[in-house]
Amino acid sequence: MENKSELMERLKQKGYKLTKQRQAILDAFMRIGEPLVTAQHIFEKVIEVNPGINFSTVYRNLDILVQEGMVRKIMFDQGAAYYELMDGSHHHHLICKRCGKIQCVDYCPLDDMPIKEGFVPIDHSFEVFGFCKECVDDERGGERE
């Protein structure tokens, strides 16, 4: 994964200013360490170090990072948007509908899909919703197989 200075240099090369707000957003991604986060979660981490920033500034900068391919925006059920710092690896997600735990999966179903001649895919998303092992075990009353 690129470090913050590499990401900031990419922004600079694309003509963006290296603002302390953008630095704080990238820092937040790196501190959180979860595969996917909401704009609200990022905002909460940013105001810990930059209390003067407002939510619209975070959201606007997230849009810039998405536009420049540094962050991926994924829409889940009920229209919830999650953000993921791009690390260069192609992967998808398993999402627990009870506890919200998210696991990255390296498998890509597009690799096995027959693509019609002349069609050029440029982006895709594949998320699987279900229940993680811990939540399934809790539902069974703690039974273990």
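Notes on the structure follow. Everything quoted here is computed from the prediction, not taken from an experiment.

Cut-offs used in this document
- Residues numbered from 1 in each chain as written.
- Predicted model: local features only at pLDDT ≥ 70, side-chain atom pairs only at ≥ 80, totals over all residues.
- Heavy atoms only, no water.
- Salt bridge = Lys/Arg side-chain N within 4 Å of Asp/Glu carboxyl O.
- Helix = DSSP H or I, 4+ residues; strand = E, 2+ residues; numbered from the N terminus.
- Buried < 20%, exposed > 50% of the residue type's maximum accessible area, 1.4 Å probe, protein only.
- Phe/Tyr/Trp six-rings, centres within 6.5 Å; stacked < 30°, edge-to-face > 60°.
- Contact = heavy atoms within 4.5 Å.
- Arc of directions from axis to C-beta.
- Pairing = 2+ DSSP bridges.
- Axes fitted to C-alpha atoms, helices over the stretch in contact; angles between N-to-C directions.

Opposite charge on two side chains makes pairing possible when the charged atoms of those side chains draw close. Taken as a whole and assessed by the stated rule, the structure comprises six salt bridges. For Arg31, the salt bridge goes to Glu48, with nearest N and O atoms at 3.8 Å. You can see Arg31 sitting in helix H2 (residues 20-32) and its partner Glu48 sitting in helix H3 (residues 39-49), a full 17 residues away along the chain. The exposure class assigned to Glu48 is exposed, which follows from its relative accessible area of 54%. Between Glu134 and Lys101 there is a salt bridge, with the nearest N and O atoms lying 3.4 Å from each other. Remark: Lys101 occurs in the loop between strand E3 (92-96) and strand E4 (102-105) and Glu134 occurs in helix H5 (residues 133-139); sequence separation between them is 33 residues. One continuous salt-bridge network, built from bridges that share partners, spans Arg31, Lys45 and Glu48.

This part covers the packing of aromatic side chains. Where two aromatic rings form a pair, the distance of their centres and the angle of their planes describe that pair. Scanning the entire structure with this criterion turns up two aromatic pairs. Look at Phe43 and Phe55: their rings are 5.5 Å apart centre to centre, the planes differ by 85 degrees, and that puts the pair in the edge-to-face class. One end of the pair, Phe43, is in helix H3; the other, Phe55, is in helix H4 (residues 55-67), and 12 residues separate them in sequence. Three or more aromatic residues joined by ring pairs make a cluster, and in this case those are Phe43, Phe55 and Tyr59.

Attention shifts here to the side chain of Asn61. Structurally, Asn61 can be placed in helix H4. Filtering out sequence-adjacent residues up to four positions away, Asn61 remains in contact with Arg22 and Ile25.

Residues Ala39, Ile42, Phe43 and Val46 constitute the buried set of H3. One face of H3 carries all of its buried residues, which in axial projection span an arc of 100 degrees. Each element contacted by the buried residues of H3 is listed here: H2, H4 and strand E2 (81-85).

Here we come to the sheet that holds strand E5 (residues 127-130). Pairing between the strands of a sheet is mediated by backbone hydrogen bonds and can be parallel or antiparallel. Taken in spatial order, the three strands line up as E4-E3-E5 in an open sheet, and their pairing is mixed. Edge positions in the open sheet fall to E4 and E5, since each of these has one partner strand only. Mean inter-strand twist for the sheet, computed between neighbouring axes without regard to direction, equals 20 degrees. Pairing of E3 with E4, which is carried by four bridges, proceeds in the antiparallel orientation. Counted as the bridge partner of Ile95 is Ile102 from E4.

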